[in-house]
Amino acid sequence: MTKYVINGGNPINGEVEISGAKNAAVAIIPAALMVDGVCRIENLPQISDVTTLLSILKEMGADIRAVNKRTVDIDCTRVKTMRATFDTVRRIRASYYLIGALLGRFGNAYVTMPGGCNFGGMRPIDQHVKGFTAMGANVSVKNGVVSAETDKVLRGATIYLDVVSVGATINLMLGAALAEGNTYIENAAKEPHIVDLANFLNSMGADIRGAGTYSIKIRGVRRMSGGSYSIIPDQIEAGTYLAAVAGAGGRIVLRDVIPKHLEGISSKLREMGVTVVDLEDSIIAQRTDPLLKTHIKTMPYPGFPTDMQPQISTVLCLANGISTVTEGVWDNRFRYVDELAKMGSLIRVSGRTAIIEGVSNLTGASLKASDLRAGAALVIAGICARGETTIEGVSYIERGYEKMIQKLSALGVDIKAIYTPDEPHLEEQEAV
Ligand code: EPU
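Residues numbered from 1 in each chain as written. Predicted model: local features only at pLDDT ≥ 70, side-chain atom pairs only at ≥ 80, totals over all residues. Heavy atoms only, no water.

Asks: Give me the lowdown on the site of the ligand, citing residues and values where you can.
Replies: As a structural note, the neighbourhood of the ligand is formed by 24 residues, with Gln 127, Ser 165, Val 166, Asp 307 and Val 329 the closest of them. A distance of 2.8 Å separates a nitrogen atom of the ligand from a polar atom in the side chain of Asp 126. Interatomic distance of 2.5 Å between a backbone N/O atom of Val 329 and an oxygen atom of the ligand. Elements that contribute at least two residues to the shell around the ligand include exactly α1 (22-31), α4 (126-134), α5 (166-177) and α11 (372-384). Split into classes, the residues belonging to the shell around the ligand amount to twelve nonpolar, six polar and six charged. (Near = heavy atom within 4 Å. Polar contact = N/O pair within 3.5 Å; in protein donor to acceptor, adjacent residues only side chain to side chain. Helix = DSSP H or I, 4+ residues; strand = E, 2+ residues; numbered from the N terminus. Nonpolar A, V, L, I, M, F, W, Y, C, P; charged D, E, K, R; others polar.)

This is the structure in C-alpha cells:
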C-alpha cells in the first residue's frame, strides 16, 4: 500500500514553483489529434493523468517524442483510427475529450466511457451529447462505449448549455474547430483552461472568439497545422499551496503563476486573515495572526472554484468561529469530512453545505483519500495537525499534483512517501 506520512504542526516557509495546469493539459493533449503535423506542447505537468493521456494517443498511432521533462512533440498525422475503446481510456475522466477531437477530425468517434475521480456519484455528459447532436451527430451509448456518427463531418450549430459545464464547453469547442460552418456555444464556461484550449487551437490555425466569456463563436476551418504552445500555470495547484500556508501559518512565495486566475481564492484567504500579495507572475502569502471564519459558495469561474472546496474547508476547521462552505457545482463533494473528523474537526454537512466549527488544533490520524482534491485536503490537514498523519489512496493525488512531496519538503514540511513494489510511483512509470 502506498502512503504519505506527515509529521505536522509547524509553519511552512519557502518558495514553490507552480506546474502547468492539469485541466488545460488534459484538453490540449486530445486536441493534438486534430492537428496535421507536429504540435509541440510545453509546460506539461508531470502527473499521471498526462502520462495516461499520452499513452492513449500513442496507442492510437500518434508519434510522441519527449523533448524534455515538460515538453513533448505530438504528431497525429498517422492516426487512422476513430476508436478509443481500449482499457486505458477508462482510467481518466478527460478521455471524453477524445469524442470531440475524433468527431472533429474524422466525423465519427467511438470512445469508452471514462472513469476518473468519482465524487457525487454519476458525472453526466448529457450537455456534450446535446451539443454534438445539434451539430448533426447521432450519439448513442452501448456497453459503456459512446458512439457518435455523422454522414461526413460535424456541422456548425447554436448550442445553449443548460448548465455551465467546463467539459461540454471544451468538447464542443474541439468538435466545432473543424466543423463545417459556425458554431455558437452560449452559457459557456469561462475557466482559464477554456481560454488556454482556445489559444492552443487558434495557434494551430483554428478560428475561435469569445473564449473566457459566456458566448463562444467558432468558425470551422478545414485543417489545423502544427506549432508550439505553452500551457498556463495550474491555478488549483497554486491555490492548494496557498491553503496550506493559510492553515499551517508561515510565509511562502508561489512562482510562475497568473495571480488574476487566483483572485476568487486570494480574496477569500484575505477575508480569513491571510496576507496575499500579487506580483507580476508570483504571489507572496503569509499568515501569522489567527484565522478568521468566513462563508464560501463554490461556483463556475470566476467564482470560488469547487476544486478548492475540500482544501479551504480543511483550513476553516482551524478558524475562529463558525464558517459555512456551500458546494454549488457538484451534488456531493464532502466525502473527506469523515476523514477530517478522525483528526478532531467539527464539521456537519447539511445538504450541500458544510457547517464548520473552528477548533484550536487537529491531531494526526490514519486517513484515506477518496479523490484528487480530497487527497490534497488531507495532506493540508496532515501539515496542520500535531503528530503523525498517514494518507492512503495517494495515486489520486499523483493524478493531478506534480511532485507534491518534493515541493512540500522544500517548504519545510516533514513528509515522505512510502511506496511498495506492487504500486509503481509516477517517476517509475514510462514517461510517455
Ligand atoms: N453537468 C451536467 N451535464 C453535463 C455536464 C456537466 O449536468 O453534460 C453538471 C455536472 O454534474 C456538474 C456541473 O455540470 O454538476 C459542472 O460539471 P462540468 O462539466 O463543469 O465538470 P467536468 O468538466 O466534468 C471539470 C474539471 C473538474 C471540475 C469541474 C468544475 C476537468 C478534467 N475536470 O469537470 O475538475 O471540478 O470541471 O469546475 O477539467 C479536478 O480537477 O479535481 C476536477 C474534478
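From this point on, the discussion continues.
Asks: Would you mind going over the packing of aromatic side chains in detail, with residue names and values included?
Replies: Under the criterion given, the structure shown has three aromatic pairs. For the pair Phe 200 and Tyr 229, a centre-to-centre distance of 5.8 Å together with 85 degrees between the ring planes defines the contact as edge-to-face. Of this pair, Phe 200 sits in helix α6 (residues 192-203) while Tyr 229 sits in strand β14 (residues 224-230), and the two are 29 residues apart along the sequence. Residue Tyr 229 is classed as buried on the basis of its relative accessible area of 12%. (Phe/Tyr/Trp six-rings, centres within 6.5 Å; stacked < 30°, edge-to-face > 60°. Buried < 20%, exposed > 50% of the residue type's maximum accessible area, 1.4 Å probe, protein only.)

Asks: Before we move on, can you summarise the confidence of the model for the protein chain with the specific residues and values?
Replies: Detailed conclusions should not be drawn from predicted coordinates in areas where pLDDT is low. Taken as a whole, the protein chain shows an average pLDDT of 94; of its residues, 96% reach a score of 70 or greater. The model gives residues 426-432 a pLDDT under 50, and that stretch makes 16 contacts with residues more than four places away or in other chains. (pLDDT = per-residue confidence, 0-100. Contact = heavy atoms within 4.5 Å.)

Asks: Explain the state of the cysteines residue by residue, including any values.
Replies: Under the defined criterion, the tally for this structure stands at zero disulfides. Between Cys 317, a free cysteine, and Cys 384, which holds the nearest cysteine sulfur, the sulfur-to-sulfur gap is 9.3 Å. By relative accessible area, which is 0% here, Cys 317 ends up buried. Residue classification places Cys 384 among the buried residues on the basis of a relative accessible area of 11%. (Disulfide = S-S within 2.5 Å.)

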